[in-house]
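Read off the chains here:
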Amino acid sequence: MAIIKAGKVVIVLAGRHAGKKAVVVKTFDDGTSDKRFSHCLVAGLAKNPRKVTKAMDKKKVEKRSKTMKPFVKYINVRHIFPTRYVVDLDLKKEVDEADLVDVEKKVAVKKNLKKLFYDRYMNQKEVTSEKKAQGSSYFFKKLRF
């Protein structure tokens, strides 16, 4: 899949997280021994941060921003919809494939992801590239359909 690469923002079309946005961590074009179809490892938001306005004070903004809930999952390529947006989050360091097998390690990975997503959400203005800044702001908005 030439379109679906690491860092691409996708929308999950099937399963528990259908309609949620995710970022591709790694792609497996030829499949693996246990999954013989092309699939991706994605990390996304099961629960988005709540809406924030300028009138809210700093404490309220932080509280509303911490409502994020991440997920990590292997998904078939046919069950994701690539968008035009790209995010420059370095998720390969945070999400290790070996950690996803054990339940306790997967919980630790999700906690690290929540921290990473929260830091990026709070510091969106510090992104250098305008294209990646658009991708970041799109990723954290709730999908309206």
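Calculation notes
- Residues numbered from 1 in each chain as written.
- Predicted model: local features only at pLDDT ≥ 70, side-chain atom pairs only at ≥ 80, totals over all residues.
- Heavy atoms only, no water.
- Helix = DSSP H or I, 4+ residues; strand = E, 2+ residues; numbered from the N terminus.
- Contact = heavy atoms within 4.5 Å.
- Lys, Arg positive; Asp, Glu negative; His and termini not counted.
- Charge placed at Lys NZ, Arg CZ, Asp CG, Glu CD.
- Pairing = 2+ DSSP bridges.
- Axes fitted to C-alpha atoms, helices over the stretch in contact; angles between N-to-C directions.

**Looking at the overall build of the chain**
Part 1 of the reasoning: Along its length, the chain carries four helices and five strands.
Part 2 of the reasoning: In the chain, the succession of helices and strands from N to C terminus is β-β-β-α-β-β-α-α-α.
Part 3 of the reasoning: In terms of its C-alpha atoms, the chain occupies a principal-axis envelope of roughly 55 × 35 × 30 Å.
Part 4 of the reasoning: Counting only contacts in the chain whose residues sit at least 6 apart along the sequence, the fraction spanning at least 24 positions is 65%.
Part 5 of the reasoning: Here the chain carries 37 positive and 16 negative side-chain charges, and the mean point of each set is 10 Å from the other.

**Here's the deal with the sheet that holds strand β2 (residues 21-28)**
Part 1 of the reasoning: Read from one edge of the open sheet, five strands run β4-β3-β2-β1-β5, paired in antiparallel fashion. Both outer strands of the open sheet, β4 (69-76) and β5 (80-86), are each paired with one neighbouring strand and no more. Sheet twist, expressed as the average angle between the axes of neighbouring strands with direction ignored, equals 35°.
Part 2 of the reasoning: Alignment of β2 against strand β3 (residues 39-47), held across six bridges, turns out to be antiparallel. Paired with lysine 26 across the two strands is leucine 41, which belongs to β3.
Part 3 of the reasoning: Against the sheet, helix α3 (residues 103-122) makes contact with β3 and β4, and its axis sits at roughly 115° relative to β4, the strand it touches most.
Part 4 of the reasoning: Where helix α4 (residues 130-140) meets the sheet, it contacts β1 (8-12), β2, β3 and β5, and its direction lies at approximately 135° from that of β5.

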